[in-house]
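# Structural overview
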Amino acid sequence: MDNVLLSKFYLLLNEIEAELKSYETTDMELYSSIIEGRKNSMSKDFPLLLTLFPSLSKDELANLLVFIKLLNVKYSQEKVDLVGTLPISLSNIRRTVGVVRQLLNEAKSHILITGYAISEYFNDIFNLVISQNNKGIKVDLYVDDNKQVSQFLNQIKDKAHSINIYTYQGKEYSSLHAKVIIVDYQKAFVSSANLSYNGIVNNLELGTLIAGKKASALSQIFDELNSKGYFKRL
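Reference entry: report on the structure contained in this document.

### Things to note about empty space enclosed by the protein
In total, this model carries 3 cavities of 30 Å³ or more according to the counting rule given. Its boundaries defined by the atoms lining it, the largest cavity holds a volume of some 80 Å³. Put simply, the parts of the chain that give the lining of the largest cavity at least two residues each are α6 (96-106), β3 (110-115), β6 (180-183) and β7 (187-191). Broken down by class, the residue content of the lining of the largest cavity amounts to 8 nonpolar, 4 polar and 1 charged.

Given below as structure tokens:
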């Protein structure tokens, strides 16, 4: 594809994004009615779209815009599930250990894990992280700088040589206390549970599993903290 055509597609993307943003809070039924009433002004509203696809009829263009809006609604929705380490079974709360294992197993390109307290119990789950890393999945491990974490890092150093490990530098804040697992910038598990037997199995812990844009936003937080010197790469 030549660069001229590719640049036109980028401009077309801006045209479509401007349309979606203008009707961001408009529901699908109302948007369909609005598009129906705009058919006669399509050439003015979407000049680049009609330049690139001149054979589209007014009806076809209207249907295309409704379809794009529908896709945008579907993929911009945030989904939140409750997750817990609890002594009781509740139908609307998923188990911490199951969510952790599922997330790691489903990762396709990237895993981000943070840790404050890490016990030997986590070694078994971390072997799954190692296995995914050996398949080419990038792994970023952000940990606090404390004695227990140092012991864990000494135990895994021989098998985790291709994992990016970052330790907190303790500037104006005392420690990295966040407990987060993010996979593929699309799903994030945020919990009170440490990477330990008590946290994953034995304590009373609660958390959420988030799917959508907020998961990517969480990952960007660590990118920014890292760029500003809050972490040191080992």
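### As for the environment of leucine 225
Positionally, leucine 225 belongs in helix α10 (residues 213-227). Separated by 57 residues in the primary sequence, leucine 225 and tyrosine 168 place their C-alpha atoms 9.7 Å from one another. Excluding residues within four positions of it along the chain, leucine 225 makes contact with Tyr230 and Phe231.

### Re the pairing of strand β8 (residues 205-211)
Put simply, side chains in a regular strand alternate between the two faces of the sheet. The pairing of strand β1 (residues 79-85) with β8 spans 7 bridges and is classified as antiparallel. Across the sheet, the residue bridging to valine 80 is isoleucine 210, located in β8.

### Some remarks on the sheet that holds strand β5 (residues 164-168)
Taken together, the 9 strands give an open sheet; going across it, the order is β2-β1-β8-β7-β6-β3-β4-β5-β9, and neighbouring strands pair in mixed fashion. The strands lining the two open edges of the sheet, one partner per strand, are β2 (93-95) and β9 (231-233). Across the sheet, the mean angle separating the axes of adjacent strands is 20 degrees when strand polarity is ignored. When β7 meets β8, the two strands line up antiparallel, connected through 5 bridges.

About the criteria used
- Numbering of residues starts from 1 in every chain and runs along the sequence as written.
- Residue-level local features of this predicted model are given only where pLDDT is at least 70; pairs of side-chain atoms are given and counted only at 80 or more, and the full residue set underlies all totals for whole chains, interfaces and linings.
- Computation of side-chain values: all heavy atoms of the structure, hydrogens and water removed.
- A 1.4 Å probe that fits but cannot get out identifies a cavity on a 1 Å grid over protein atoms alone, an open set with protein on both sides within 12 Å along at least five of seven lines counts as a pocket, and a residue lines either if it has an atom within 4 Å of a point.
- Grid points are joined across faces, edges and corners, and a volume is the space filled by probe spheres set on the points.
- Helical segments are the DSSP runs of H or I of at least four residues, strand segments are the runs of E of at least two, and each set is numbered from the N terminus.
- Residues are grouped as follows: nonpolar covers Ala, Val, Leu, Ile, Met, Phe, Trp, Tyr, Cys and Pro; charged covers Asp, Glu, Lys and Arg; every other residue, Gly included, is treated as polar.
- Contacts are assigned to residue pairs with any non-hydrogen atoms lying within 4.5 Å of each other.
- At least two bridges found by DSSP between two strands are what make those strands a pair.
- Note on geometry: axes are lines fitted to C-alpha atoms, helical ones only across the stretch in contact, with angles between N-to-C directions running from 0 to 180 degrees.

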